[in-house]
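# Per-entry structural report
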Amino acid sequence: MSAKNLEFQLAERPETNIIPGRTFKLVETNKPTAADIKDGQVLVEVYYLSLDPAMRVNLQDFRSYVPPVAIGERMRGYSLSKVLASKSSKARVGDLVVAFTGWTEFAIVDEQYFQPGELPEGTKITDALGAAGLTGVTAYIGLERIGQPKRGETVVVSGAAGATGLVVGQICKIKGCRVVGIAGSDEKCEMLTRELGFDLALNYKSPTFRDDFVRATPDFIDVFWDGVGGEILEMALDQAAEHARFVICGTISGYNNEGMQLAGVRNMYRATLQRVRLEGFIITDHMREFPAAQQALSQWICEGKIRRKETIIRGGLEAAEHAVSHLFTGKNTGKLILEIKPYEG
């Protein structure tokens with residue numbers, strides 16, 4: 001009798017929030033074996049699954065940078081996994097890799113869809129998903145390509161307590177900038193300033209937020225990292241400095257709206273008047289730059305210049321459909337990771 005594997009498949013497209021027990025279905029499949037792999041592939045066991053806001057975007061049936069997840073298809077996602085069998089020159093049995101496995105316990109992965117998961121001494125293995133992984137590299141390359149922060153400039157980061165935002169802020173502090181973070185609770189704001197070195201952090205749920213935002217940017221905004229969209233993007237445009245750079249990396253405030261609709265930005269004239277550069281950024285366009293960015297981030301982590309924040313949820317793969325909702329309710333701080341199986345080295 002074949003050994004079994006669990007995976008989540010898309011059952012129906014959510015109109016608004018992901019609904020556990022409806023959006024996905026947990027399916028038992030045959031566990032893949034070494035005999036199933038072809039040249040250029042590896043068989044892996046998943047230990048830690050990355051949970052990311054883009055997963056919600058991938059459920060929508062509209063034009064995007066990748067096709068939507070199909071009904072009945074394994075839910076997409078990447079993970080830190082261990083190689084059980086290999087026919088690829090890129091990995092040996094026992095290696096840790098970051099692989100696009102999807103929501104599953106075991107997977108066969110083509111070599112173009114995984115990267116080495118080993119990091120230098122002084123890092124944690126989960127850094128390969130977070131501060132030195134795809135989210136950290138997103139911050140690094142987005143700033144290098146578009147944000148281009150310079151010493152003495154004012155940088156504002158929306159979603160600053162999220163996986164990417166907190167790395168953005170810390171990199172900008174390394175660059176000598178004044179950094180203002182925006183988060184959804186007083187506790188997260190205190191963490192940003194006391195633990196991560198942000199100069200100021202604002203709670204967007206505060207009744208005085210609009211006034212606080214203006215007071216926090218008296219010399220206007222040189223770099224704005226946007227992971228939220230909507231009203232906060234409008235406010236940032238009102239405070240944009242001449243030749244400001246806006247990195248548009250996400251619009252999470254609208255991901256659970258019907259059709260992912262957000263109210264239109266009503267002050268785009270500010271972009272013209274202040275000659276603002278607004279550019280969308282998707283990390284998968286820049287994967288050739290990944291190794292150099294990961295090396296720099298790993299060094300900063302080892303030197304204590306970047307501090308990780310992660311929320312690890314335990315409960316195995318079965319917990320995935322509940323855990324992913326934390327991204328949209330503010331329950332996580334930093335990188336959200338689901339532990340499928342503890343890694344004991």
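Here, every reference points to the structure presented above.
Presented here is a report on the structure given in the accompanying data block. (Residues numbered from 1 in each chain as written. Predicted model: local features only at pLDDT ≥ 70, side-chain atom pairs only at ≥ 80, totals over all residues. Heavy atoms only, no water.)

## Remarks on the pattern of salt bridges
We count it as follows: A carboxyl oxygen of Asp or Glu within 4 Å of a side-chain nitrogen of Lys or Arg is what we treat as a salt bridge. A run of H or I in DSSP counts as a helix once it spans at least four residues, and a run of E counts as a strand once it spans at least two, with each numbered from the N terminus. Each residue is assigned to one of three classes by its accessible area relative to the maximum for its type, calculated with a 1.4 Å probe on protein chains only: buried under 20%, partly exposed between the two thresholds, exposed over 50%.
Applying the stated criterion across every chain, the model contains 21 salt bridges. Measuring nitrogen to oxygen at the nearest pair gives 2.8 Å for the salt bridge that ties glutamate 231 to arginine 210. You can see glutamate 231 sitting in helix α6 (residues 230–238) and its partner arginine 210 sitting in helix α5 (residues 209–216), a full 21 residues away along the chain. Judged by its relative accessible area of 48%, glutamate 231 falls in the partly exposed class.

## Here's the deal with the packing of helix α2 (residues 134–147) against helix α3 (residues 165–174)
Note the threshold: Lines fitted to the C-alpha atoms define the axes, with helices restricted to the stretch that makes contact. Angles between their N-to-C directions range from 0 to 180 degrees. Roughly parallel refers to an angle under 35 degrees, roughly antiparallel to one over 145, roughly perpendicular to one between 65 and 115, and oblique to any angle outside these ranges. Put simply, a crossing is left-handed when the front helix is turned counterclockwise from the back one by less than a right angle, and right-handed when it is turned clockwise. Contacts between residues were defined by any pair of non-hydrogen atoms, one from each residue, lying within 4.5 Å.
Closest axis-to-axis distance for the α2/α3 pair is 8 Å, and the angle between their directions is 45°. With respect to each other, α2 and α3 are oriented oblique. As α2 packs across α3, the resulting crossing turns out to be right-handed. Along its contact with α2, which presents Gly136, Ala139, Tyr140 and Leu143, the element α3 presents Val167, Val168, Ile171 and Cys172.

## What about unusual backbone geometry?
Even without being glycine, phenylalanine 220 reaches a positive phi, approximately 70°. Within the secondary structure layout, phenylalanine 220 lies in the loop between α5 and β11 (221–226). One non-glycine residue with positive phi stands out, namely arginine 275, at about 55°. Looking at the secondary structure, you find arginine 275 in the loop between α7 (269–273) and β13 (277–280).

## Side note on the packing of aromatic side chains
Rules: Only centres within 6.5 Å qualify two rings of Phe, Tyr or Trp (six-membered ring in Trp) as a pair; their planes then separate them into stacked at under 30 degrees, edge-to-face at over 60, and tilted for everything else.
Applying the stated criterion across every chain, the model contains 8 aromatic pairs. Geometrically, the ring pair formed by phenylalanine 8 and tryptophan 103 is edge-to-face, given 5.8 Å between the ring centres and 85° between the ring planes. Of this pair, phenylalanine 8 sits in strand β1 (residues 4–10) while tryptophan 103 sits in the loop between β5 (96–99) and β6 (106–110), and the two are 95 residues apart along the sequence. Judged by relative accessible area, tryptophan 103 falls into the buried class, the value being 0%.

## Examining empty space enclosed by the protein
The criterion, for reference: Site definitions follow a grid-based scheme: protein atoms alone, a 1 Å grid, a 1.4 Å probe that fits but cannot get out for cavities, and for pockets an open set with protein on both sides within 12 Å along at least five of seven lines, plus lining residues having an atom within 4 Å of a point. Grid points are joined across faces, edges and corners, and a volume is the space filled by probe spheres set on the points. Under this grouping Gly is polar, as are all residues other than the nonpolar Ala, Val, Leu, Ile, Met, Phe, Trp, Tyr, Cys and Pro and the charged Asp, Glu, Lys and Arg.
Applying the stated criterion across every chain yields a total of 1 cavity of 30 Å³ or more. As a volume, the largest cavity reaches approximately 60 Å³. As for the largest cavity, its lining consists of Thr126, Asp127, Gly130, Ala131, Ala163, Leu166, Arg308, Lys309, Glu310, Gly334 and Lys335. Residue classes in the lining of the largest cavity are distributed as 3 nonpolar, 3 polar and 5 charged.

## Some words on the nonpolar core
Stated precisely, the cut-off is as follows: For our purposes a nonpolar core is just a set of buried Ala, Val, Leu, Ile, Met, Phe, Trp, Tyr and Cys residues, chained together by side-chain atoms within 4.5 Å.
Within the largest apolar cluster, 49 residues are counted, with the highest numbers of intra-cluster contacts made by Tyr140, Val167, Ile171, Leu192, Leu297 and Ile306. Counting residues per element, this core draws most heavily on α2, at 7 residues. Excluding residues within four positions of it along the chain, valine 167 makes contact with Ala131, Gly136, Ala139, Leu297 and Ile306. Within the second largest apolar cluster, 23 residues are counted, among which are Ile18, Ala319, Leu327 and Ile340.

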